[in-house]
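# Descriptive structure summary
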2 protein chains.
Amino acid sequence: MSAVSLVVRNRDGGRINGDLKARIQKAVSDLDYRPNSFARSLVSQLPSSISVVVPSIRNPFFGEMLEGILQVIGTRFTIQLHVPSEDMDYGIDIVRAAQEDNIAGLILATPPQTTLDSFRQTCPTVILDAYTAMDVSRIELNVVLAGHQLGRHLVELGHRSVGYLDFLPDKATFSCRREALGAVVRQAGGALHNAPAPAEYLDIEQGEAAFSRSWPLWEAAGVTAIVAADDILAYGIMKRAQEMGMTIPDRLSVASFNDIPFSALVSPALTTVDLRAHELGLQAARVLLDAIAREVSSVCTVDPELRVRRSTGSRRAGP
Amino acid sequence: MSAVSLVVRNRDGGRINGDLKARIQKAVSDLDYRPNSFARSLVSQLPSSISVVVPSIRNPFFGEMLEGILQVIGTRFTIQLHVPSEDMDYGIDIVRAAQEDNIAGLILATPPQTTLDSFRQTCPTVILDAYTAMDVSRIELNVVLAGHQLGRHLVELGHRSVGYLDFLPDKATFSCRREALGAVVRQAGGALHNAPAPAEYLDIEQGEAAFSRSWPLWEAAGVTAIVAADDILAYGIMKRAQEMGMTIPDRLSVASFNDIPFSALVSPALTTVDLRAHELGLQAARVLLDAIAREVSSVCTVDPELRVRRSTGSRRAGP
DNA sequence: TTGAAAGCGCTAACAT
DNA sequence: ATGTTAGCGCTTTCAA
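What you are looking at is a predicted structure, and each value in this text was computed from that prediction instead of being measured.

### A word on the overall build of chain A
Along chain A, the regular secondary structure elements total 11 helices and 12 strands. In terms of C-alpha radius of gyration, chain A reaches 25 Å, well past the compact-globule figure of 20 Å for 319 residues. With respect to the principal axes defined by its C-alpha atoms, chain A has extents near 90 × 40 × 30 Å. The long-range fraction of contacts in chain A, counting pairs at least 24 apart against all pairs at least 6 apart in sequence, stands at 70%. With the model as given, the accessible surface of chain A reaches about 12800 Å², and the carbon-plus-sulfur share is 51%.

The following block contains the structure:
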């Protein structure tokens, strides 16, 4: 049997008789034999896959991120993809399921804080865009900087009363965006008027509904600009605002976080902070490979970049 | 050791002494033990995952499709995701790699014809949107109907000279779209002017570049409407056409295939044929589960739906 | 009620 | 150069 193993993997350094080798190769091809990579990793103690947990697979943000991961791991590892069934946000159970795969490493993309709190590391792990005191590798997304960039941009345009459409307010990445933005606005003498999106689900309709619900409040507060926690919500805001007859950015500026590729194409093109999804994926995979090979954990930071487009403009003269 | 196995899986029908059971549970919790699901499936002969091969993970079409698959498989199986590194289209090697996973089943999303030709089934398999004479389960996407729907719509609007931006012309799903559309246009006495996109890569820039390159030809042919093989290409076409000063749909109608969620939001909203990505995923997973459980293969068809929006309008009076 | 032993598909060390 | 054996982490007989 060892001969078969050697031939299949081309690991016979000429050690196998040409005739035997030929017979084996014929059998392999006739039977259409596929070596079971898992059985292989069971014995070699080098699993052939890594698990990736993402809150959603519909949000193109995670598609970009996955593309980055795939690019780095190449054919060295295969990916076990874990996504919560309810789309958006996951509990510890799904992380545990991921850990039960025969994996060399694990990537957790923006885990909720409660999930992270009950997390215990069982293999090299990289946590993306979340915070923990544990000795685990992390890729920090500098969302505070993102909030500052957006805040400064709006303040420079003259906006002082800013509406905010929050999302999953208990998740650090979102509360940081809101707070960093609010700090800049308040420092300029303005105010941030927060209106949380109620659902865990992130789609355009959520943005539309949230805008309908919150606009009366925002209007009463003299809001001239609205920021959404994610581009997808901003799409809904713009859609509904335009349906209600407001022109963007003349009547209302709209901006958000993420910069998925379509944000440059909606009308008007959306001002947003590029959260570098692809870069995040690249770094995560690099750090994970490193953690697997050298058994070290590390933390690195990715800085977002403001993309100014047509959806934000100077505050109109007069309230 | 068998006691451990029984306790961990809650399969001891009261057969294990309470004390032993407690000791085992304590050890499990202290060690943070994770049973290796692969080792389990190695012996039980019931693999816990299925492999899914998609040409790209950035195209939201496949995100929607995956969401559908995930929804059906629930926690019964986990997903091994395979994506070619160069984004877009894959060879037999990646399929073979997928088959080497310890899997209960395999889903191949829009495989290229050449890949399909050298495919040999090694486990329950579902092929999405591609054609083969093999006895393999398939989900057929009725792209011929899609082409007819779009063709009829344009003909009714008065268009007779239609430009077409093709993609991967050697792939059946794309050649069928083109031919079905062309048949309707020609039947109405018109002509389809084809211009293949050269790259395998699908992004907005490809659409822009292709439009710049092909517009002189199309203009010379008196084209009043352009259809792209995929929404993403249409975004590029609209972007560049508008930059060149054309208004859509007054000067030029634009339409395409896919209907990813953002197509309703671009400006003008894009007329496109909904290729039912999510439904495709649901059906694929259902058929696969069936193939795994009952060892039967089946074929089912999903019908696309035309979504008429603002990007198409009546042909101008004149030339 | 519990433990010992065989075996899932493979690889690596060893014996022939 | 080739065959035999042990063992990876688990489950499932089967014996104690």
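We are not done yet, so read on.
### Overview of the domain arrangement of chain A
When the domains of chain A are assigned, the result is domain 1 (2-35), domain 2 (47-142 + 276-305) and domain 3 (144-274). Spacing between the C-alpha centres of domain 1 of chain A and domain 2 of chain A amounts to 38 Å.

### A look at the protein's contact with DNA strand C
Around DNA strand C, the structure places 20 residues, and the nearest of them are Ser-5, Tyr-33, Asn-36 and Arg-40 of chain A together with Asn-17 of chain B. Near the protein, meaning within 4 Å, the atoms of DNA strand C are sugar or phosphate in a fraction of 74%, with bases accounting for the rest. Here a phosphate oxygen of DNA strand C sits 2.5 Å away from a polar atom, N or O, in the side chain of Arg-40 of chain A. One of the backbone nitrogen or oxygen atoms of Arg-15 of chain B is found 3.3 Å away from a sugar or linking oxygen of DNA strand C.

### Thoughts on the sheet that holds strand β6 (residues 161-166) of chain B
Whenever strands of a sheet pair, they do so through backbone hydrogen bonds, lying parallel or antiparallel. Residue and element names in this part refer to chain B. Spatially, β7-β6-β8-β9-β10-β12 is the arrangement adopted by the 6 strands of the open sheet, whose pairing is mixed. Only two strands of the sheet have a single neighbouring strand rather than two, namely β7 (191-196) and β12 (305-307). Taken pair by pair, the neighbouring strands of this sheet meet at an average axis angle of 20°, ignoring direction. Pairing between β6 and strand β8 (residues 225-228): 4 bridges, direction parallel. Pairing of Val-162 across the sheet is with Ala-225, part of β8. This element, helix α9 (residues 204-220), spans β6, β7 and β8 of the sheet and lies at about 145° to β6.

### Re the relation of the copies chain B and chain A
For the pair of chain copies, the relating transformation is a rotation about an axis with a translation along it. Between chain B and chain A, the superposition needs a rotation of 180° and an axial shift of 0.1 Å, giving an RMSD of 0.2 Å. Taken together, these values place the two copies in the relation of a two-fold axis. Residue by residue, 98% of the interface of chain B is reproduced at the interface of chain A, so both copies engage with the same surface.

### Structural notes on the packing of aromatic side chains
Tallied over the entire structure, the rule returns 12 aromatic pairs over all chains. Judged by centre distance (4.2 Å) and plane angle (10°), the ring pair of Phe-262 of chain A and Phe-262 of chain B falls under stacked. Of this pair, Phe-262 of chain A sits in the loop between β9 (253-258) and β10 (271-274) while Phe-262 of chain B sits in the loop between β9 (253-258) and β10 (271-274), on two different chains. Each member of the pair, Phe-262 of chain A together with Phe-262 of chain B, is buried. Joined through ring pairs, the aromatic side chains of Tyr-235 and Phe-262 of chain A together with Tyr-235 and Phe-262 of chain B make up one cluster.

### Digging into the layout of surface pockets
Of the voids in this model, the largest pocket is the one considered here, and its volume is about 1100 Å³. Ser-48, Thr-75, Arg-76, Phe-77 and Thr-78 of chain B are the residues nearest the centre of the largest pocket, which is lined by 40 residues in total. For the lining of the largest pocket, the secondary structure elements donating two or more residues are β2 (78-82) and α5 (92-100) of chain A together with α3 (37-44), β2 (78-82), α5 (92-100) and β3 (103-109) of chain B. Per element, the largest residue contribution to the lining of the largest pocket is 5 residues, and it comes from α3 of chain B. Its residues placed into classes, the lining of the largest pocket shows 17 nonpolar, 15 polar and 8 charged.

### Points about the pattern of salt bridges
Residues and elements named next belong to chain A. Applying the stated criterion to the full structure yields 42 salt bridges over all chains. Note that Asp-30 is salt-bridged to Lys-26, the shortest N-O span being 2.6 Å. A residue pair is termed a helical-turn pair when its members lie 3 or 4 positions apart in one helix, as Asp-30 and Lys-26 do in helix α2 (residues 18-31) at 4 residues. For Lys-26, a relative accessible area of 51% gives the class exposed. The partner of Glu-208 in a salt bridge is Lys-239, and the shortest N-O contact between them spans 3.4 Å. In this pair, Glu-208 sits in helix α9 (residues 204-220) while Lys-239 sits in helix α10 (residues 231-243), placing the two residues 31 residues apart along the sequence. When its relative accessible area of 29% is taken as the criterion, Lys-239 is described as partly exposed.

### With respect to the environment of Leu-289 of chain B
Residues and elements named next belong to chain B. Along the chain, Leu-289 falls in helix α11 (residues 277-294). For the pair Leu-289 and Arg-76, spaced 213 residues apart in sequence, the C-alpha to C-alpha distance is 9.9 Å. Contact partners of Leu-289, with chain neighbours within four places excluded, come to Val-72, Ile-73 and Phe-77.

### Section: the packing of helix α4 (residues 60-73) of chain A against helix α11 (residues 277-294) of chain A
Residue and element names in this part refer to chain A. For the pair α4 and α11, interaxial distance at closest approach is 7 Å and the crossing angle is 40°. As summarised for this structure, α4 and α11 are arranged oblique, according to the angle between their axes. In this structure, α4 crosses over α11, and the sense of that crossing is right-handed. Residues Phe-61, Glu-64, Met-65, Glu-67, Gly-68, Ile-69, Gln-71, Val-72 and Ile-73 of α4 form the contact with α11, whose participating residues are Ala-277, His-278, Leu-280, Gly-281, Leu-282, Ala-285, Arg-286 and Leu-289.

### Considering helix α7 (residues 143-156) of chain A
Residues and elements named next belong to chain A. Spanning 14 residues, α7 covers 20 Å between terminal C-alpha atoms, matching the ideal 20 Å at 1.5 Å per step. Listing the buried residues of α7 in full gives Val-143, Ala-146, Gly-147, Gln-149, Leu-150, Gly-151, His-153, Leu-154 and Val-155. Two residues or fewer after α7 comes Gly-158, characterised by a positive phi angle close to 100°.

Rules of the game
- Residues numbered from 1 in each chain as written.
- Chains lettered and ligands numbered in written order.
- Predicted model: local features only at pLDDT ≥ 70, side-chain atom pairs only at ≥ 80, totals over all residues.
- Heavy atoms only, no water.
- Helix = DSSP H or I, 4+ residues; strand = E, 2+ residues; numbered from the N terminus.
- Rg over C-alpha atoms; globule rule 2.2 N^0.38 Å.
- Contact = heavy atoms within 4.5 Å.
- Areas by Shrake-Rupley, 256 points an atom, 1.4 Å probe, with all protein chains shown as cover.
- Domains from an automatic or database assignment.
- Near = heavy atom within 4 Å.
- Polar contact = N/O pair within 3.5 Å; in protein donor to acceptor, adjacent residues only side chain to side chain.
- Pairing = 2+ DSSP bridges.
- Axes fitted to C-alpha atoms, helices over the stretch in contact; angles between N-to-C directions.
- Least-squares fit on C-alpha atoms with pLDDT ≥ 70 in both.
- Phe/Tyr/Trp six-rings, centres within 6.5 Å; stacked < 30°, edge-to-face > 60°.
- Buried < 20%, exposed > 50% of the residue type's maximum accessible area, 1.4 Å probe, protein only.
- 1 Å grid on protein atoms, 1.4 Å probe; cavity = no way out; pocket = protein on both sides within 12 Å on 5 of 7 lines; lining within 4 Å.
- Points joined across faces, edges and corners; volume = space filled by probe spheres on them.
- Nonpolar A, V, L, I, M, F, W, Y, C, P; charged D, E, K, R; others polar.
- Salt bridge = Lys/Arg side-chain N within 4 Å of Asp/Glu carboxyl O.
- Parallel < 35°, antiparallel > 145°, perpendicular 65-115°, else oblique.
- Left-handed = near helix turned anticlockwise from the far one by under 90°.
- Expected span 1.5 Å × (residues − 1).

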